[in-house]
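Residues per chain, in single letters:
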Amino acid sequence: MKEVLEIIAKALVENPEEVSVTEIPGEDTITLELRVAESDMGKVIGKQGKIARAVRTVVKAAASKENKHVVVNIVQ
C-alpha cells in the first residue's frame, strides 16, 4: 500500500523528491502518513478535499484486495 500511495502522490505534486510515506503498522489497521512539500499541500488535498478523498479511496481499494484495512493521513 505504501508504494501505491507514493506513486499517486508523486504524480500529483511539483516536488516529487519531497514526498515521503511512513507506514505505521497496528493490530488491525495500517496507518500511512503522507508528507509533501508545503507548497504542494493544496495539490494533494484539492478543493474541498476531493483529491485527498479520491487518493484514500484508491489506496483502500488496493488494500481490500489483500484483506487489509488502511488509513491515510496527510501530515505537514
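Above this text you will find the structure in question.
Computed from a predicted structure; not experimentally measured. (Residues numbered from 1 in each chain as written. Predicted model: local features only at pLDDT ≥ 70, side-chain atom pairs only at ≥ 80, totals over all residues. Heavy atoms only, no water.)

A. How the structure looks around the nonpolar core. Of all hydrophobic cores here, the largest spans 17 residues; its most connected members are L5, L32, L34, V36, V59 and V70. Of all the elements in the fold, those that place two or more residues in this core are α1 (2–12), β2 (29–35), α2 (41–45), α3 (50–64) and β3 (69–75). Those residues in contact with L32 that sit more than four places away from it in its chain are M1, K2, L5, V21, T22, E23, V59, V70, V71, V72 and N73. (Core = buried A, V, L, I, M, F, W, Y, C linked by side-chain atoms within 4.5 Å. Buried < 20%, exposed > 50% of the residue type's maximum accessible area, 1.4 Å probe, protein only. Helix = DSSP H or I, 4+ residues; strand = E, 2+ residues; numbered from the N terminus. Contact = heavy atoms within 4.5 Å.)

B. Looking closely at the pattern of salt bridges. Overall, the coordinates contain four salt bridges when judged by the stated rule. K43 serves as the salt-bridge partner of E14, at 2.9 Å between the closest nitrogen and oxygen. You can see E14 sitting in the loop between α1 and β1 (20–25) and its partner K43 sitting in helix α2, a full 29 residues away along the chain. A relative accessible area of 58% means that E14 is categorised as exposed. (Salt bridge = Lys/Arg side-chain N within 4 Å of Asp/Glu carboxyl O.)

C. Region of interest: the pairing of β1. Direction of pairing for β1 relative to β2: antiparallel, over a ladder of six bridges. Across the sheet, the residue bridging to P25 is I30, located in β2. Counting the residues in the hairpin turn of β1 and β2 gives three residues. (Pairing = 2+ DSSP bridges.)

D. Focus on α3. For α3, with 15 residues, the first-to-last C-alpha span of 21 Å sits near the 21 Å given by 1.5 Å per residue. Among all positions in α3, only A52, V55, V59 and A63 are buried. Taken around the axis of α3, the buried residues stretch over an arc of 70°, which confines them to a single face. If you follow the buried residues of α3, they end up packed against α1, β2, α2 and β3. (Expected span 1.5 Å × (residues − 1). Arc of directions from axis to C-beta.)

E. Expanded view of the environment of L32. Of note, L32 is situated in strand β2. By relative accessible area, L32 is classed as buried at 0%. Sequence separation between L32 and A61 is 29 residues; the distance between their C-alpha atoms is 14 Å.

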